Amino acid sequence: MGKSNLKMKKRMKIELILFCIGFFIISIKLAHVQFIKGKEYGKAALEQLNASRTINANRGIIYDCNRYNSCSK
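Quick notes on the rules
- Residues numbered from 1 in each chain as written.
- Predicted model: local features only at pLDDT ≥ 70, side-chain atom pairs only at ≥ 80, totals over all residues.
- Heavy atoms only, no water.
- Helix = DSSP H or I, 4+ residues; strand = E, 2+ residues; numbered from the N terminus.
- Expected span 1.5 Å × (residues − 1).
- Buried < 20%, exposed > 50% of the residue type's maximum accessible area, 1.4 Å probe, protein only.
- Salt bridge = Lys/Arg side-chain N within 4 Å of Asp/Glu carboxyl O.

Visitor: Looking at this model, I keep getting lost on the environment of Lys-37. Mind explaining?
Guide: Within the secondary structure, Lys-37 sits in the loop between α1 (2-36) and α2 (38-50). Spatially, the C-alpha atom of Lys-37 lies 25 Å from that of Ser-52, the residues being 15 residues apart in sequence.

Visitor: Whenever I open this one, the environment of Asn-5 confuses me. Can you help?
Guide: Along the polypeptide, Asn-5 turns up in helix α1. Remark: the alpha-carbon pair of Asn-5 and Phe-19, spanning 14 residues in sequence, is separated by 21 Å.

Visitor: Explain α1 here, please?
Guide: One turn of the α-helix equals 3.6 residues, which is why residues spaced by three or four share an orientation. Over its 35 residues, α1 extends 50 Å from the first C-alpha to the last, a length consistent with the 51 Å expected when each residue adds 1.5 Å. The buried count for α1 comes to zero of 35 residues, which makes it a mostly uncovered element.

Visitor: Can you help me understand the pattern of salt bridges in this one?
Guide: It is possible for side chains of opposite charge to pair when their charged atoms get near one another. Tallied over the full model, the rule gives two salt bridges. For the salt bridge of Arg-11 with Glu-15, the shortest nitrogen-to-oxygen distance reads 3.2 Å. Residue Arg-11 and its partner Glu-15 are both found in helix α1; the two are separated by four residues, about one turn of the helix. The exposure class of Arg-11 is exposed, given its relative accessible area of 58%. Residue classification places Glu-15 among the partly exposed residues on the basis of a relative accessible area of 42%. For Lys-37, the salt bridge is made with Glu-40, and the minimal N-O distance between the two is 3.7 Å. Glu-40 gets classed as partly exposed once you look at its relative accessible area, which sits at 48%.

See below:
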């Protein structure tokens, strides 16, 4: 039982180290996006927000309850 307990502790240490490395990598990527690319992404977001475009919608024929084309009056 002593050997399995040591193996478990060793495995837990390795998992903790891998978790910390992953967290560090994600933190570095977040800092890069926030501080280095932040102005660029902010500018692109404003351009996208303020952009306008016209979408031509093709409409079908609208009929009334007597199946008469009500748009051709």
